[in-house]
Amino acid sequence: MKIGIVGCTGRMGRMLLQEVLKTDGAGLAGGTARAGSPHVGRDVGLLVGSEEVGALVTDDPAVLFAAADAVIDFTSPTATLAHVKLAAEHGTALIVGTTGISAAQEAEIREAGGKTVVVMAPNMSVGVNLLFALTQRVAATLGIDYDIEIVEMHHRHKVDAPSGTALGLGRAAAAGRGVALDDVAVWAREGFTGPREQGAIGFATLRGGDVVGDHTVVFAAEGERVELTHKASSRAVFAKGAVRAALWCDGRAPGFYTMFDVLGLPAE
């Protein structure tokens, strides 16, 4: 399967290139970089210290989508929307790991599933997606007497908050309780807040250093506390999950899918 990487010259893009190169059944279709990048025209293998693989860096995403069976996108919401249109036009599978996507933008991405295969997840890590499933199950089992708080920490350069993964955990917890997250979320607390409202799902965001991604879901009740935690020590886990998703798309019918589908987990 020929896999393309948009934004292939960045840190995450290079990890994705490396993961494709070492994965059986996967090959590189090429990658994209911004216009004017000194890497445009280079073989993508050379970006990660490998030998040439016969696939080039281009500044025209349409060229990549025409050449690839699947494209992996960890860019920005605006760029992702442009890539979704190209995926639908060329019938190229698209794996979306971009965070900070709004509800309206997600609706556009979902719409593309009518024409091609789209896999989108707030986090491509296999472990985190298992955490989503566990969070939903635990929230449903423990019930309203357990207060839910979601704590996340990332490196100082992260620009969106709460993280896409934290939001995914919030949605999983809300689904377990049969409510909409927007109706019960408490995004921050400051000053005299009064007692905690029963049924609320709270978020706490920490930023600092080089933390790849730590997430904890706390279920706190009178007399006990249950905590579910995932800590990523390398971004390679995101690349591994994304490439796994790309290979899963081979032969799949057009549609909008999540990592739950890729991993065979119970529906969210």
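Just so we're clear, the structure is a prediction, and the values are computed from it rather than from any experiment.

S.K.: What should I look at first to understand the pattern of salt bridges in this one?
M.R.: Side chains carrying opposite charge are able to pair once their charged atoms draw close together. Enumeration according to the criterion identifies nine salt bridges in this entry. The residue Arg207 makes a salt bridge to Glu152 at a minimum N-O spacing of 2.7 Å. Taken as a pair, Arg207 in strand β9 (residues 201-207) and Glu152 in strand β7 (residues 147-154) lie far apart in primary sequence, 55 residues in all. Overall, Arg207 belongs to the partly exposed group, its relative accessible area being 28%. Here Lys158 makes a salt bridge to Asp160, at a shortest N to O gap of 3.1 Å. Given the relative accessible area of 18%, Lys158 is considered buried. Each of Asp147, Glu149, Arg189 and Arg196 takes part in one network of salt bridges that share partners.

S.K.: Any chance you could explain the layout of surface pockets here in plain terms?
M.R.: Over the atoms rolls a probe the size of a water molecule, and in doing so it shows where empty space is left. Quantified by volume, the largest pocket comes out at close to 1,200 Å³. Lining the largest pocket are 44 residues, with Met12, Phe74, Thr75, Ser76 and Thr98 positioned closest to its centre. Put simply, the parts of the chain that give the lining of the largest pocket at least two residues each are α1 (11-21), α4 (77-90), α7 (164-177), β10 (213-221) and β11 (224-232). A per-element tally of the lining of the largest pocket places α1 first, with four residues.

S.K.: Any chance you could explain the pairing of strand β6 (residues 117-120) here in plain terms?
M.R.: Look at any regular strand and the pattern is simple: side chains alternate between the two faces of the sheet. On β6, burial covers both faces: Val117 and Val119 on one face and Val118 and Met120 on the other are all buried. Taken together, the three bridges between strand β5 (residues 93-96) and β6 define a ladder with parallel strand orientation. From the neighbouring strand, Leu94 faces β6, where its bridge partner is Val118. Between the parallel pair β5 and β6, the chain is carried across by helix α5 (residues 103-112), and the sense of this crossover is right-handed. In this structure, β6 lies alongside strand β12 (residues 255-257), joined through three bridges in parallel fashion. Across the sheet, the residue bridging to Val117 is Gly255, located in β12.

S.K.: Teacher, can you tell me more about the pairing of β7 here?
M.R.: One ladder, built from seven bridges, connects β7 with β10; its direction is antiparallel. Its bridge partner being in β10, Ile150 is matched across the sheet by Val217. Two strands pair when backbone bridges link them, and β7 and β9 are joined in this way by seven bridges, in the parallel orientation. Within β9, the position partnered with Ile150 by the bridge is Phe203.

Conventions used here
Here the residue numbering is sequential within each chain, running from 1 through the sequence in written order. Given that the model is predicted, a residue must reach a pLDDT of at least 70 before its local features are reported, and side-chain atom pairs must reach 80 or more before they are shown or counted; all residues, however, enter totals for whole chains, interfaces and linings. Hydrogens are left out, water is left out, and the side-chain values use all remaining heavy atoms of the structure. Note on definitions: salt bridges are taken to be side-chain nitrogens of Lys or Arg within 4 Å of carboxyl oxygens of Asp or Glu. Only DSSP runs of H or I covering at least 4 residues are called helices, and only runs of E covering at least 2 are called strands; the numbering of each starts at the N terminus. Burial classes: relative accessible area under 20% of the type maximum marks a residue as buried, over 50% as exposed, and values in between as partly exposed (1.4 Å probe, protein chains only). Cavities and pockets are defined on a 1 Å grid built over the protein atoms alone: a cavity is a set of grid points where a 1.4 Å probe fits but cannot escape, while a pocket is an open set with protein on both sides within 12 Å along at least five of seven lines, and lining residues are those with an atom within 4 Å of any such point. Grid points are joined across faces, edges and corners, and a volume is the space filled by probe spheres set on the points. When DSSP finds two or more bridges between a pair of strands, those strands are recorded as paired. If the strands point away from the viewer and the path from the first strand over the helix to the second runs clockwise, then the crossover is right-handed.

Everything listed is a geometric property; what it means functionally is a separate question.
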